[in-house]
Amino acid sequence: MARYAGHVQALTTEWEGIRRGVTVTAACSVSDDPATVLACLNASNEANAIFETSGRFALNTLAAHHQALARALAGFDRLPVEDRFALAEWTTLATGAPILADALVAFDCRLIDIRRMSTHIVLFGQVVDLHFGPDDQALVYLDRAFHAL
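Let me sum up the structure you'll find in this document.

Calculation notes
Residues numbered from 1 in each chain as written. Predicted model: local features only at pLDDT ≥ 70, side-chain atom pairs only at ≥ 80, totals over all residues. Heavy atoms only, no water. Phe/Tyr/Trp six-rings, centres within 6.5 Å; stacked < 30°, edge-to-face > 60°. Buried < 20%, exposed > 50% of the residue type's maximum accessible area, 1.4 Å probe, protein only. Pairing = 2+ DSSP bridges. Helix = DSSP H or I, 4+ residues; strand = E, 2+ residues; numbered from the N terminus. 1 Å grid on protein atoms, 1.4 Å probe; cavity = no way out; pocket = protein on both sides within 12 Å on 5 of 7 lines; lining within 4 Å. Points joined across faces, edges and corners; volume = space filled by probe spheres on them. Nonpolar A, V, L, I, M, F, W, Y, C, P; charged D, E, K, R; others polar. Core = buried A, V, L, I, M, F, W, Y, C linked by side-chain atoms within 4.5 Å. Contact = heavy atoms within 4.5 Å.

## A look at the packing of aromatic side chains
Step number 1: For the structure on display, the rule yields 2 aromatic pairs.
Step number 2: Here Phe85 and Trp90 contribute two aromatic rings whose centre-to-centre distance is 5.0 Å and whose plane-to-plane angle is 55°, an arrangement assigned as tilted. Residue Phe85 shares its accessibility class with Trp90, and that shared class is buried.

## Notes on the pairing of strand S12 (residues 145–148)
Step number 1: Relative to S12, strand S11 (residues 139–142) runs antiparallel, the two sharing 4 bridges. Its bridge partner being in S12, Leu139 is matched across the sheet by Ala148.
Step number 2: Between S11 and S12, which pair antiparallel and follow one another directly, the connecting turn spans 2 residues, one of which, Asp143, has a positive phi of 55°.

## Quick notes on the layout of surface pockets
Empty space among the atoms becomes apparent when a probe as large as a water molecule is rolled across them.
Step number 1: Roughly 940 Å³ of internal volume is contained in the largest pocket.
Step number 2: Thr23, Val24, Thr25, Ala26 and His120 are, among the 31 residues lining the largest pocket, the residues nearest its centre.
Step number 3: For the lining of the largest pocket, the secondary structure elements donating two or more residues are strand S1 (6–7), strand S3 (18–24), strand S5 (35–42) and S11.
Step number 4: By residue number, the principal contributor to the lining of the largest pocket is S3, which donates 5 residues.
Step number 5: Considering only residue class, the lining of the largest pocket consists of 17 nonpolar, 10 polar and 4 charged.

## Things to note about the nonpolar core
Step number 1: With 17 residues, the main nonpolar core has Leu11, Val24, Leu41, Phe51, Phe57, Leu59 and Leu123 as its most contacted residues.
Step number 2: Sorting the residues of this core by element identifies S3, S5, helix H1 (49–54), strand S6 (56–61), strand S9 (105–117) and strand S10 (120–132) as the ones contributing at least two each.
Step number 3: Ignoring anything within four residues of it in the chain, the contact list for Leu11 reads Arg20, Gly21, Val22, Val24, Ala39, Leu41, Phe51, Phe57, Ala58, Leu59 and Leu123.
Step number 4: Counting residues in each nonpolar core, the second largest holds 16 residues, with Ala58, Phe85, Trp90 and Phe146 among its members.

Geometric descriptors of this kind do not, in isolation, establish any biological role.
Below is the structure:
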């Protein structure tokens, strides 16, 4: 799977003052009417249960300059949660999920379904709001390294 190039996303949520952010490459559009996306998360990480509990998430498309944030949210640097979020500017839209202020695009979603598939959970979200950031190079992950596209 390391040879499978993927666009890098920050999957975020918040529930009762607790924020969670995870770097993912397994995310895509499901439907355009209604606008629906999906994102896959490792089911073995108990901290990921907050996505189901909150019932909301944001899928933030990262730009090439977001490599430090992508590393932090992936847990590479072992930073505390608040230090990870401190690496960027965040806002909220309709659902209250954290939106990256300079994401290429951010999809603010209401969780409409969750499926367990082998080692992962698949979150399905109906897009209820959008945020468009600056036009910039996208961040992709290939061969266990980040690249600009």
